[in-house]
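Report on the structure
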Amino acid sequence: MAESPRVSGDALPVALPSALPLADLYARVSGHVPAIEWPALADDVAAILALKRRRNAVVLAHNYQAPEIFHTVADIVGDSLALAREAARTDADVIVLAGVHFMAETAKLLNPDKTVLIPDPAAGCSLADSITAADVRALRRRHPGVPVVTYVNTSAAVKAESDLCCTSGNAKAVVESLGAPRVLMIPDEYLAQNVQAELPGIEILSWAGHCEVHERFTPADIREVREAYPGVAVLAHPECPPAVVAEADFAGSTAMMQDFVETRRPAQVVMITECSMADNLAVRNPDVAFVKPCNLCPHMKRITLGKIRRALETMTHEVTVPADLIAPARRAVERMLAVRP
């Protein structure tokens, strides 16, 4: 694990230095950003806020983005499913995706006439890299007639070869919606195995793709935390290995984890997922103690306030999708959005 267990403190300080710029925004992130570092970040924040007005732009930020992005410049925040839904609804001219490349591609698929920017084009995903469109075609030849459910953590080219997409939040509902006895669920092997455990009546065929953040967690990590923090609530992401999910008290998408924390109000909680998830929830839930053995996503952390500012200043890096892929890939995403649990 990237960090040894620790517990976050209160998100808001007792008092704020009066000379700090944008003190109201700093109040949101003061538990994670030292006061001495804030003036430099505040310069980027102020510039981004002005640029958003000038460009008629919105910033969509995934739950794994750092608090200084998530709580100051983001207009829409959430998990992959929430961002996909909101991307389809926005009336902005420009969408800046504070996340990874496949998320920006999805936003472009749903908004082909809008400008979609990603602050760092190298912000990728190990799951998206684990499978190609040619791989999907080969799977179809091997399993003729079996529907293909593709995780949103994939390229537009892979989505275009699929029947419909899913996220970790709606994967079970998507598989059930097909009414098929066998389903190909790609590329996340562990997500497929965890859904299989919930749907024993459906045979789910998987692919050996893994998230480099979640595959590193082990059952021993959870047992270590339970020993150090008796009574702690353990929440795991379904991209984790099934043995890890089995050790947890609850498994679900980042949106489901947030709902768990905000409705059940555990005294102590550990989130077996990317580090910034707990940081962002701690800001809104200062009464909950977040124990933090976690792993960082190097791709998510490529996105910074400075890069978001440059993206809006220079209108880079624009995300495009080949014309022949837009219709089939968009259809797969829209079919996912039409599924309700």
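Predicted, not measured: the structure shown is a model, and the values here were computed from it.

1. Re the overall build of the chain
When its secondary structure is counted, the chain shows 16 helices and twelve strands. Computed over C-alpha atoms, the radius of gyration of the chain comes to 20 Å, within 12% of the 20 Å expected from 2.2 N^0.38 for 341 residues, which places it in the range of a compact globule. Each of the three principal axes of the chain carries a C-alpha extent, and together these read 65 × 50 × 30 Å. Here the chain, with 341 residues, has 57% of them falling under the buried criterion. When contacts within the chain are restricted to residue pairs at least 6 apart in sequence, those whose partners lie at least 24 apart make up 61%. Treating the 33 positive side-chain charges of the chain as one cloud and the 41 negative ones as another, the clouds have centres 5 Å apart.

2. Here we look at the packing of helix α2 (residues 38–55) against helix α15 (residues 305–314)
Two quantities define a packed helix pair, namely the angle between the axes and the distance from one axis to the other. Remark: α2 packs on α15, axes separated minimally by 9 Å, with the N-to-C direction vectors making an angle of 30°. As judged from the angle between their axes, α2 and α15 are roughly parallel. The two elements α2 and α15 meet at a crossing, and its hand is left-handed. Facing α2, whose interface residues are Leu41, Asp43, Asp44, Val45, Ala47, Ile48, Leu51, Lys52 and Arg55, α15 presents Leu305, Gly306, Ile308, Arg309, Leu312 and Glu313. Looking at the contact of α2 with α15, its residues break down into eight nonpolar, one polar and six charged.

3. Description of the sheet that holds strand β5 (residues 148–151)
The strand order across the open sheet built from four strands is β6-β5-β7-β8, with neighbouring strands paired in parallel fashion. Among the strands making up the open sheet, the edge pair consists of β6 (164–166) and β8 (203–206). The sheet shows a mean angle of 35° between the axes of neighbouring strands, taken without regard to direction. As paired elements, β5 and strand β7 (residues 182–186) share three bridges and run parallel to each other. When the sheet's bridge partners are listed, Val148 is paired in β7 with Leu184.

4. Thoughts on the state of the cysteines
Here the structure, examined in full by the defined rule, presents one disulfide. Between Cys211, a free cysteine, and Cys125, which holds the nearest cysteine sulfur, the sulfur-to-sulfur gap is 6.5 Å.

5. A word on the sheet that holds strand β1 (residues 57–62)
Read across the sheet, four strands follow the order β2-β1-β3-β4 without closing on themselves; strand pairing throughout is parallel. Every other strand in the sheet has two partners, leaving β2 (76–78) and β4 (115–117) as the edge strands with one partner each. Across the sheet, the axes of successive neighbouring strands diverge by a mean angle of 20°, strand direction being ignored. One ladder, built from three bridges, connects β1 with β2; its direction is parallel. Paired with Ala61 across the two strands is Val77, which belongs to β2.

6. Thoughts on the confidence of the model for the chain
Across the chain, the average pLDDT comes to 93, with 94% of residues at or above 70. This model gives residues 1–15 a pLDDT under 50, and the stretch forms 42 contacts once residues within four places in sequence are excluded.

7. Considerations on empty space enclosed by the protein
One way to see where empty space is left: roll a probe the size of a water molecule over the atoms. In this structure the tally under the stated criterion is four cavities of 30 Å³ or more. In this structure, the largest cavity encloses a volume near 270 Å³. Lining the largest cavity are 29 residues; nearest its centre among them are His62, Tyr64, Asn153, Glu239 and Met300. The set of elements that each furnish at least two residues to the lining of the largest cavity consists of α4 (80–89) and α5 (101–110). When the residues that make up the lining of the largest cavity are grouped by side-chain class, the tally is twelve nonpolar, 13 polar and four charged. Roughly 80 Å³ of internal volume is contained in the second largest cavity. Counting residues per element, the ones that place at least two in the lining of the second largest cavity are α4 and α5. A breakdown of the residues in the lining of the second largest cavity according to their chemical character gives nine nonpolar, two polar and no charged.

8. Observations concerning the nonpolar core
A general tendency of soluble globular proteins is for nonpolar side chains to be buried together. Among the nonpolar cores identified, the biggest contains 96 residues, and Trp38, Met185, Met271, Phe290 and Ile308 are the most heavily contacted of them. In this view, Trp38 contacts Leu20, Pro21, Leu22, Leu25, Tyr26, Val29, Val33, Val45 and Thr72; residues no more than four positions away in its chain are not counted. Judged by nonpolar contacts, the second largest core, of 14 residues, contains Phe217, Val225, Ala236 and Val291.

9. Here we look at the environment of Val183
With respect to the secondary-structure elements, Val183 resides in strand β7. It is 5.4 Å that separates the C-alpha atoms of Val183 and Pro147, two residues lying 36 residues apart in sequence. When residues no more than four places from it in sequence are discounted, the contact partners of Val183 are Val146, Pro147, Val149, Val175, Leu178, Ile202, Glu203, Ile204 and Leu205.

10. Overview of helix α7 (residues 133–142)
For α7, the full list of buried residues reads Ala133, Val136 and Leu139. Viewed end-on, α7 has its buried residues packed into an arc of 115°, placing them on one side of the element. The outward face of α7, more than 90 degrees from its buried face, is lined by the exposed residues Arg141 and Arg142.

Scoring rules and cut-offs
Residues numbered from 1 in each chain as written. Predicted model: local features only at pLDDT ≥ 70, side-chain atom pairs only at ≥ 80, totals over all residues. Heavy atoms only, no water. Helix = DSSP H or I, 4+ residues; strand = E, 2+ residues; numbered from the N terminus. Rg over C-alpha atoms; globule rule 2.2 N^0.38 Å. Buried < 20%, exposed > 50% of the residue type's maximum accessible area, 1.4 Å probe, protein only. Contact = heavy atoms within 4.5 Å. Lys, Arg positive; Asp, Glu negative; His and termini not counted. Charge placed at Lys NZ, Arg CZ, Asp CG, Glu CD. Axes fitted to C-alpha atoms, helices over the stretch in contact; angles between N-to-C directions. Parallel < 35°, antiparallel > 145°, perpendicular 65-115°, else oblique. Left-handed = near helix turned anticlockwise from the far one by under 90°. Nonpolar A, V, L, I, M, F, W, Y, C, P; charged D, E, K, R; others polar. Pairing = 2+ DSSP bridges. Disulfide = S-S within 2.5 Å. pLDDT = per-residue confidence, 0-100. 1 Å grid on protein atoms, 1.4 Å probe; cavity = no way out; pocket = protein on both sides within 12 Å on 5 of 7 lines; lining within 4 Å. Points joined across faces, edges and corners; volume = space filled by probe spheres on them. Core = buried A, V, L, I, M, F, W, Y, C linked by side-chain atoms within 4.5 Å. Arc of directions from axis to C-beta.

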